[in-house]
Amino acid sequence: MSAIFRSGFIATIFAVFFIASAGAVFVEKQLEDPAQEIRAREISEGIRCLVCQNQSIMDSNADLARDLRQIVRERILAGDSDAQVKNFLVVRYGDWVLLDPPFKLRTAILWLGPLVIFLLGGIAVIMFVRGRGNADDVETVPLTAEEEANFKHILPDDNNELPK
Amino acid sequence: MVAELGQFVLVLALVTAICQGILPLIGAHKQNAALMKLAENASFVQFAALTGAFICLTVGYVTSDFSILNVASNSHSLKPLLYKISGVWGNHEGSLLLWVWILALFGFAVALFGRNLPDSLKARVLAIQGLIGVGFLLFVLFTSNPFERLVPAPFDGNGLNPLLQDPGLAFHPPFLYLGYVGLSVTFSFAIAALIEGKVDPAWARWVRPWTLAAWAFLTIGIALGSWWAYYELGWGGWWFWDPVENASFMPWLAATALLHSAIVVEKRDTLKNWTILLAIIAFSLSLLGTFLVRSGVLNSVHAFASDPARGVFILMFLVFVIGGSLVLYAVRAPAMKGGGLFAPISREGALVLNNLLLSTAAATVLLGTLYPIFLDAFTGEKVSVGPPYFNATFLPLAVPLVIAMAFGPFLPWKRADLGSALSRLKFAMFAALIVLGLTWWLQTDGPILALVGMGLFAWLLVGSLIEWADRIRLFRAPFNSSWRRMVTLPRSAHGMTIAHIGVALVVLGITASEAWQSERLGIMKPGETVTVGSYDFKFNGAEQIVGPNYNALRGSFTASKHGGAGYQMFPEQRVYTDPPMMTTEAAIRPMLTADLYVVIGDEDGAGGYATRIYHKPFISWIWLGCLTMFFGGFLSLSDRRLRLGAPKKRQVEIKGKEAPTHI
Amino acid sequence: MRLRFLAPVLTFSAIAVIMWYALFNLDPSEIPSELLSKPVPEFSLSGVPGYGPDLASTDLKTGKVTLLNVFASWCVACLAEHPLFMELKKQGKVDIYGLNYKDKPDAAAKWLKRNGNPYVKTGMDEKGRVGIDFGVYGVPETFVIGPDGKILDKIIGPVSQDIYEQRIEPLLEENNS
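Q: When you look at the interface of chain C and chain B in this model, what are you seeing that I'm missing?
A: By a widespread convention, an interface's size corresponds to the accessible area lost as its parts come together. Listed per partner, the contact involves 21 residues of chain C and 25 residues of chain B. Residue classes in the side of chain C that touches chain B are distributed as 18 nonpolar, two polar and one charged.

Q: Please explain the pairing of strand β9 (residues 594–603) of chain B as it appears in this structure.
A: Successive side chains on a regular strand alternate, one facing one side of the sheet and the next facing the other. Residue and element names in this part refer to chain B. The element β9 is largely enclosed, with a buried count of eight among its ten residues. Pairing of strand β8 (residues 587–590) with β9 involves four bridges; the strand directions are antiparallel. Opposite A587, over in β9, you have V598 as the bridge partner. Where β8 hands over to β9, the hairpin turn is made up of three residues, counted between the paired strands. Pairing analysis gives eight bridges linking β9 to strand β10 (residues 609–617), with the strands arranged antiparallel. Note that in β10 the partner of I600 across the bridge is T611. In this structure, the hairpin formed by β9 and β10 is closed by a connection of five residues, where G605 is found at a positive phi of approximately 85 degrees.

Q: Looking at this structure, I do not really get the sheet that holds β10 of chain B. What am I missing?
A: Two modes of strand pairing occur in sheets, parallel and antiparallel, and in both the strands are linked by backbone hydrogen bonds. All names here are of chain B. Taken together, the four strands give an open sheet; going across it, the order is β1-β10-β9-β8, and neighbouring strands pair in antiparallel fashion. Looking at strand neighbours, the two that pair on one side only are β1 (518–524) and β8, the edges of this open sheet. Between one strand and the next, the sheet's axes are offset by a mean angle of 10 degrees, whatever the strand orientation.

Q: Quick question: what am I supposed to make of helix α12 (residues 347–379) of chain B here?
A: At 3.6 residues per turn, the α-helix brings residues three or four places apart onto the same side. Residue and element names in this part refer to chain B. The end-to-end C-alpha distance of α12, which contains 33 residues, comes to 46 Å, matching closely the 48 Å that a straight helix rising 1.5 Å per residue would cover. α12 sits mainly inside the fold: 29 of its 33 residues count as buried. Just beyond α12, the residue with positive phi is G380, at close to 75 degrees.

Q: What is the right way to read the sheet that holds strand β7 (residues 151–156) of chain C from this model?
A: Residues and elements named next belong to chain C. Here five strands make up an open sheet; going across it, the order is β5-β4-β3-β6-β7 and the pairing mixed. The sheet terminates laterally at β5 (122–125) and β7, the two strands that pair on one side only. Across the sheet, the mean angle separating the axes of adjacent strands is 20 degrees when strand polarity is ignored. The pairing of strand β4 (residues 95–101) with β5 spans four bridges and is parallel. By the bridge assignment for β5, L99 is matched with G123. Against the sheet, helix α5 (residues 161–176) engages β6 (141–145) and β7, with an angle of about 170 degrees to β7.

Q: Honestly, the packing of α12 of chain B against helix α13 (residues 387–407) of chain B in this entry has me stumped. Any pointers?
A: Two numbers describe a pair of packed helices, the interaxial angle and the distance between the axes. Residue and element names in this part refer to chain B. For the pair α12 and α13, interaxial distance at closest approach is 10 Å and the crossing angle is 165 degrees. Relative to α13, the element α12 lies roughly antiparallel. Once α12 is placed against α13, the crossing between them reads as left-handed. For the pair α12 and α13, contact is made by A350, L353, N354, L357, T360, A361, T364, V365 and G368 and by Y389, F390, T393, F394, L397, P400, L401, A404 and F407, respectively. Looking at the contact of α12 with α13 residue by residue, the class counts come to 13 nonpolar, five polar and no charged.

Cut-offs and rules
Residues numbered from 1 in each chain as written. Chains lettered and ligands numbered in written order. Predicted model: local features only at pLDDT ≥ 70, side-chain atom pairs only at ≥ 80, totals over all residues. Contact = placed C-beta atoms within 7 Å. Nonpolar A, V, L, I, M, F, W, Y, C, P; charged D, E, K, R; others polar. Buried ≥ 20, exposed ≤ 12 C-beta atoms within 10 Å, placed from the backbone. Helix = DSSP H or I, 4+ residues; strand = E, 2+ residues; numbered from the N terminus. Pairing = 2+ DSSP bridges. Axes fitted to C-alpha atoms, helices over the stretch in contact; angles between N-to-C directions. Expected span 1.5 Å × (residues − 1). Parallel < 35°, antiparallel > 145°, perpendicular 65-115°, else oblique. Left-handed = near helix turned anticlockwise from the far one by under 90°.

See the structure below:
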């Protein structure tokens, strides 16, 4: 019995969030200056919608997303630079609100990680190929005419080309 | 009654799995034929038992038996029949039952189709499958039993979530699980090989069909999920690098790498340790995905209601399976004897590059997905890793991969001459440059990446076609001879070409739709027309309608091009009552050249409505490309050579030699 | 044994250990407040009609610990914590101020009438801007504010008896003595 209460409770919490997130296509006032509106759009695409998962406030229908978009517009109208607009939100919500994690020491591993992994992998590959000896070391002796004829007899349907 | 029967067969399956897991391993060790044969019979029984369990749960859903807790939580008498059935796996317990049933299905298939496997290998493979089944069945029976009773039974069920009542979403889990679980077979083969102590080309030949099947299903499963997001979520996005999406993408990347490295093992008897490790990693990523979704460690719209107790169980299972297999690898792999040598520029080299890029990609996605947890654990800080990160790190890996994909098939084994491969590809190079030039000329102010993307698309498409034409000597030999070559060419060769072309199509779809999408978001009044992407959209008005379990605002639009014939589009904004939820049903007109995508929203109080209209060029090619890849995979799977198993050595008389030579 | 064969299992072990820790100690949906130890943002709002005088940030610098509870009539989970707040008001342990977030005045008034009013003062944040200044992203949230108006803690989700005892009560004792 408690299980159904628990799942019901969780379901209602989700329902609350869902009502918020699966909400209406927004009716909102855009900035009059198209250049500013584009700036607002671009900044918004880097701001995380906090009640959705991994979506920007530009991509979400949630109420909070709409509010945050309006905030971005207001700050642009007030003359803030892009960095200042983002900072306004970071002061209130933390680095978490930026979808693009800033390059700080703590995210250095994140950003450098792929490069490091690729280089490690590359080194492993090179060591493997080197360590095994090279196919160039193996001498190839050309086939005699008889061996050539046998070769063609065995594999008639393939390229009648000899390996180099 | 049905629930008790289901419970009974679940326990029966567990007992069978325990037998299947332990006895054949002993049998293989002692070369006891009876114990080894037991594996096959056990897998038949396990499959039968789990089929029974699955049928029991389905019956519970179809008859709306709300005395079963799982049915009461997730179903409703008003649900259409199709969604009652798909509701069976649309929840945590039911989806686990599906998982474990597919596991038994694959075990059964190995027993059935693996007639020509050596007895000890088959016994070991089936035993490992059995052991995995034991783990999952214990998990199901102890923490996630779908057959728990609910007393007193409620009058009706709880589960009318409209988002789940959808064809795309109904088929997404089965295909996805066929992929995840299919990787368990390659895993079992890898463990069996480690236990046996040898990996030979025959092993790789046996492993290939299972890898192909798993890969193909995983491709479709991911594509279905992505397509569903596209048409259901209302703003045309189809990939968000959400943790659960990543959890399916990582095994796919690993499976693709595995597919290619297994070819090297088969043909050249090298890269064996790496391929074994990759098989272990691919399945481990599947299991890790299961953990991430169900434990509550990561937040995602996909996550089932999370429960730390379940999380603990899965984590222990992971430690046992993944940790155990990696320890086995550390102990046994050094003893494996290596094989053929090859030069860096060769087909092997190209496949190694393929593996390097794909593995780095998988590792990067893993890093990005787990990083928030790492940071939180070590510093308590929260950081969000989203699309900007994944796009920035994935693209530099994907670009060289696509370039290499056209090269690889042209390179012979062991040692190749890059120059001659390049010269055969010159038409592909021309095609790429022409398309790039055309794109630059036609597009007014698109991004540079669009040029790269279109160039890559042309390069891969034409390159794959040239390779195929080359192989059948099209235009160089009489047509009859080309035709004959084509039909006698092994299906896996055709499959490869088709699958690679599929990738090219996906590149086209992604590039075009991301670079040249047009959109207009704004208020429209009835009678107004706007132009988006060279199409005119006339808004005819909106009305309130009543659906079976929802009320909706339905808009009517006519889309036409240059005054030509109009196409009617009816987007809706639905309000469901039970549970209360609002969804947007976009109106989509898919065409080969583009999709038209219309969404309607709230009224603004002045007679106008919020609308979003998109023109997305070539986006359907993403899904068509995935279908093509799937088709290529299955064509390869149907290759006679795979069904007949490893080639037996044939004796050929050679003139002038005494003894027959084996080939 | 060669490192390259041990590397996979070592990497996995590291991941497993962190996952284990995460299972028990981390909650991904909790975002710690950026405003901890910072003063309450300035604001001034009119109260819910019929329920309490207007609320301003100055009301929160009273020299004792106070709670600011963000609630709404449309918020189902708020009902879960409501009885606890009514009990706290009855016992007079701590003053609770209500921030009515993105709600309609008459809906909020009806809700308070139906369920009871645990708040000393209420403020209507119809547009949600004050909430954003506080870093609110969902409802309910409760801020524990110190005697000097600095934010001591932020509780996300409904306040249960456990959370009250573990997080709020210690702060009350520390700061009110």
